[in-house]
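Residue-level structural notes
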Amino acid sequence: MSSRVEDTPVSLYGSVSLGLGVISLACMAFYSFGVAPLAFVLGPLAVTFGILGLYNKVNRVKSAIGAFIGLVPTGLLLLLPFGVAPL
């Protein structure tokens, strides 16, 4: 018997949420280059995986941080119109 924790889909929710949140935040940083629609897709996915990770009580810190980071670009995109570069 091994006492090692195996990587299952449930244990990867926090890491996926954190990764998607960081990528969506980076896409938001390059808003004027036209990659903001990608952030609009990846942000809600980060929030979804973060909520799933919090619900399954695995990697709760990563899930919470990923969900919060995913909310930032999503909220900013709802406030900014497409096609207008920020100053």
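Here, the structure is the one placed above.
For the structure given in this document, a descriptive report is provided here. (Residues numbered from 1 in each chain as written. Predicted model: local features only at pLDDT ≥ 70, side-chain atom pairs only at ≥ 80, totals over all residues. Heavy atoms only, no water.)

1. A word on the environment of P44
When you line up the elements, P44 lands in helix α2 (residues 36-56). The class for P44 is partly exposed, based on a relative accessible area of 33%. Through-space distance from the C-alpha of P44 to that of V72 is 10.0 Å; in sequence the pair is 28 residues apart. Excluding residues within four positions of it along the chain, P44 makes contact with A39 and T74. (Helix = DSSP H or I, 4+ residues; strand = E, 2+ residues; numbered from the N terminus. Buried < 20%, exposed > 50% of the residue type's maximum accessible area, 1.4 Å probe, protein only. Contact = heavy atoms within 4.5 Å.)

2. Describing the packing of helix α1 (residues 13-29) against α2
Running from N to C, α1 and α2 cross one another at 155°; their axes reach a closest spacing of 8 Å. Overall, the two elements α1 and α2 adopt an arrangement that is roughly antiparallel. For the pair α1 and α2, the crossing hand works out as left-handed. Along the contact surface, α1 presents Y13, V16, S17, L20, G21, I23, S24, C27 and M28, while α2 presents A36, L38, A39, L42, G43, L45, A46, F49, G50, L52, G53 and N56. Looking at the contact of α1 with α2 residue by residue, the class counts come to 14 nonpolar, seven polar and no charged. (Axes fitted to C-alpha atoms, helices over the stretch in contact; angles between N-to-C directions. Parallel < 35°, antiparallel > 145°, perpendicular 65-115°, else oblique. Left-handed = near helix turned anticlockwise from the far one by under 90°. Nonpolar A, V, L, I, M, F, W, Y, C, P; charged D, E, K, R; others polar.)

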